[in-house]
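Residues per chain are reported as follows:
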Amino acid sequence: MKRLTSDEVEVLEKFLVADNDEVCGIEIHVGKDWRRGYSEPDTVEKYSLEELGGKALIKLEDDTLCALVGDSLYYKNERGYVGSTKTEYTYKGVCRATGDYLYQRAIVLYRCPITPLSADEVLALDRVLVKNNKRVVGVRIEYGSKGIGGSNTSGFCAHRSVKYTAEELDGAPLVSVGRSMICALANDVLHFKNNSDGEYRTFTLDYRERSFISLGEEIAYDTYSATRVELILEN
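Residues numbered from 1 in each chain as written. Predicted model: local features only at pLDDT ≥ 70, side-chain atom pairs only at ≥ 80, totals over all residues. Heavy atoms only, no water.

Engineer: Looking at this structure, I do not really get the overall build of the protein chain. What am I missing?
Structural biologist: Looking only at helices and strands, the protein chain features 4 helices and 18 strands. Along the first, second and third principal axes, the C-alpha set of the protein chain runs to 50 × 45 × 35 Å. The buried share of the protein chain, reckoned over its 235 residues, is 40%. Accessible surface, the protein chain: about 13,100 Å² in total, of which carbon and sulfur atoms supply 47%. (Helix = DSSP H or I, 4+ residues; strand = E, 2+ residues; numbered from the N terminus. Buried < 20%, exposed > 50% of the residue type's maximum accessible area, 1.4 Å probe, protein only. Areas by Shrake-Rupley, 256 points an atom, 1.4 Å probe, with all protein chains shown as cover.)

Engineer: I tried to follow the state of the cysteines on my own but got confused; where do I start?
Structural biologist: Working definition of a disulfide: a covalent bond connecting the sulfur atoms of two cysteines. All chains considered together, the criterion is met by 0 disulfides. In this structure cysteine 112 is a free cysteine whose sulfur lies 9.2 Å from that of cysteine 24, the closest cysteine sulfur available. (Disulfide = S-S within 2.5 Å.)

Engineer: I tried to follow the nonpolar core on my own but got confused; where do I start?
Structural biologist: A general trend in soluble globular proteins is that nonpolar side chains are found buried together. By size, the foremost hydrophobic cluster in this structure holds 19 residues, and its most contacted members are Ile26, Ile28, Ile58, Leu65, Leu68, Leu73 and Tyr89. Mapped by element, the contributors of at least two residues to this core are strand E2 (23-31), helix H2 (49-52), strand E5 (64-69), strand E6 (72-76), strand E8 (88-94) and strand E9 (101-110). Top contributing element to this core by residue count: E9, with 4 residues. In this structure, leucine 68 is in contact with Phe15, Leu16, Val17, Ala18, Asn20, Val23, Gly25, Ile26, Leu49, Leu52, Leu73 and Val108, ignoring residues within four places of it in sequence. (Core = buried A, V, L, I, M, F, W, Y, C linked by side-chain atoms within 4.5 Å. Contact = heavy atoms within 4.5 Å.)

Engineer: It is not clear to me how the environment of leucine 73 should be interpreted in this structure. Could you clarify?
Structural biologist: Here leucine 73 shows up in strand E6. Exposure remark for leucine 73: the relative accessible area of 0% places this residue in the buried category.

Engineer: Hey, could you run me through the pattern of salt bridges in this one?
Structural biologist: Pairs can form between side chains of opposite charge once their charged atoms are near each other. Tallied over the full model, the rule gives 12 salt bridges. Arginine 135 is the salt-bridge partner of glutamate 22, the closest N and O atoms lying 3.1 Å from each other. Here the residue glutamate 22 occupies a position in the loop between strand E1 (16-18) and E2, and arginine 135 occupies one in the loop between strand E10 (129-131) and strand E11 (136-147), the gap between them amounting to 113 residues. For arginine 135, a relative accessible area of 26% puts it in the partly exposed group. (Salt bridge = Lys/Arg side-chain N within 4 Å of Asp/Glu carboxyl O.)

Engineer: How do you make sense of the sheet that holds E2 when you look at a structure like this?
Structural biologist: Strand pairing in a sheet takes place through backbone hydrogen bonds and is either antiparallel or parallel in direction. The strand order across the open sheet built from 4 strands is E3-E2-E9-E8, with neighbouring strands paired in antiparallel fashion. Here the strands that pair on one side only, and so sit at the sheet edges, are strand E3 (43-48) and E8. Averaged over all neighbouring strand pairs, the angle between strand axes comes to 10°, with direction disregarded. Bridge count for E2 against E9 is 8 bridges, and the pairing is antiparallel. Opposite glutamate 27, over in E9, you have isoleucine 107 as the bridge partner. (Pairing = 2+ DSSP bridges. Axes fitted to C-alpha atoms, helices over the stretch in contact; angles between N-to-C directions.)

Given below as structure tokens:
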């Protein structure tokens with residue numbers, strides 16, 4: 001899948017659309033409250049690929065959306081910063097024009113929906129279930145640390161890693177990841193259950209999100225142990 005360089009994004013004057021096998025457009029949600037979860041948006045604008053490609057760049061509060069390539073949104077701002085984000089761009093802050101709290105979310109839309117297992121199915125598993133995966137061929141778990149501010153603003157740093165193929169996971173004992181356990185790899189979705197507060201809950205990581213980082217125990221006042229889980233996709 002093509003990745004744009006910062007230089008390629010910086011010079012864009014019209015919205016670029018490319019390499020969109022599964023993506024069919026974006027929705028932009030704008031609302032006023034995000035401090036305790038997002039409120040219902042005041043406005044929702046939906047754009048198809050045809051309405052985006054070759055058209056004007058989309059100006060938001062802080063950044064300008066420039067491209068939708070693969071499942072990544074690319075943006076830039078007047079300070080010379082260029083960035084990208086997979087599946088969703090989010091801005092949370094204060095509107096300069098009104099002084100109101102403001103959120104803006106540009107959400108990538110897909111032709112093929114993600115279909116996770118139900119919570120009841122996941123909670124009933126005592127061995128890892130593997131089935132119906134077309135894209136995900138394995139899972140990599142990296143153990144390390146992450147700074148949270150103060151004198152340590154570094155990102156995730158891996159100290160060791162373990163790799164499982166889908167075949168190795170199939171029927172294996174549930175895999176512990178911090179306070180959670182991997183229960184299933186089904187429909188290109190990795191399923192977890194968590195019992196951190198005395199009640200089991202489930203959550204997922206799908207092939208579009210690719211990875212996540214969870215924090216563990218405090219190592220120092222500004223550093224925590226951390227675990228990164230990444231899905232390995234078929235080449």
